[in-house]
Amino acid sequence: MEEKEFALKDIVEMKKPHPCGVNKWRIIRLGMDIRIKCEGCGHSVMLPRREFAKKMKKVLQKHEE
């Protein structure tokens with residue numbers, strides 16, 4: 001399986017949209033678990049890294065330092 005590249009504060013698209021209708025999520029925590037925050041309503045979700053990598057479609061915007 002191909003390793004997906006993502007970093008803290010990147011905006012990603014998931015395979016399924018959030019119930020609020022938006023499909024843009026910001027990565028706000030990296031580790032064994034990854035916390036993402038909906039860019040529409042602000043709801044945050046924590047997923048295990050393996051599950052997150054499976055559900056993530058692509059990186060929409062890389063964070064620039």
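Residues numbered from 1 in each chain as written. Predicted model: local features only at pLDDT ≥ 70, side-chain atom pairs only at ≥ 80, totals over all residues. Heavy atoms only, no water.

- Labelled according to an unreviewed UniProt entry, the protein appears under the name DUF951 domain-containing protein, originating from Peribacillus castrilensis.

So, the packing of aromatic side chains
At step 1: Counted under the stated rule, the structure contains one aromatic pair.
At step 2: Their ring planes at 80° and their centres at 5.0 Å tell us that F6 and F52 sit as a pair that is edge-to-face. In this pair, F6 sits in the segment before β1 (11–14) while F52 sits in helix α1 (residues 49–55), placing the two residues 46 residues apart along the sequence.
At step 3: Residue F6 is classed as buried on the basis of its relative accessible area, which comes to 15%. (Phe/Tyr/Trp six-rings, centres within 6.5 Å; stacked < 30°, edge-to-face > 60°. Helix = DSSP H or I, 4+ residues; strand = E, 2+ residues; numbered from the N terminus. Buried < 20%, exposed > 50% of the residue type's maximum accessible area, 1.4 Å probe, protein only.)

Thoughts on the sheet that holds strand β5 (residues 56–61)
Sheets are built from strands that pair by backbone hydrogen bonding, the pairs being arranged parallel or antiparallel.
At step 1: An order of β4-β3-β2-β1-β5 is seen for the five strands of this open sheet, with the pairing classed as antiparallel. The sheet is open, and its two borders are formed by β4 (44–48) and β5, each paired with just one other strand. Taken pair by pair, the neighbouring strands of this sheet meet at an average axis angle of 40°, ignoring direction.
At step 2: Taken together, the two bridges between β1 and strand β2 (residues 25–29) define a ladder with antiparallel strand orientation. By the bridge assignment, I11 is partnered in β2 with R26. (Pairing = 2+ DSSP bridges. Axes fitted to C-alpha atoms, helices over the stretch in contact; angles between N-to-C directions.)

A look at the nonpolar core
At step 1: Counting residues in each nonpolar core, the largest one holds 11 residues, listed as F6, V12, M14, W25, I27, I34, I36, C38, L47, F52 and M56.
At step 2: Of the residues forming this core, the biggest block, three residues, is contributed by strand β3 (residues 33–38).
At step 3: If we ignore the near neighbours within four places in the chain, the residues touching M14 are N23, W25, I36, L47, F52, K55, M56 and K57. (Core = buried A, V, L, I, M, F, W, Y, C linked by side-chain atoms within 4.5 Å. Contact = heavy atoms within 4.5 Å.)

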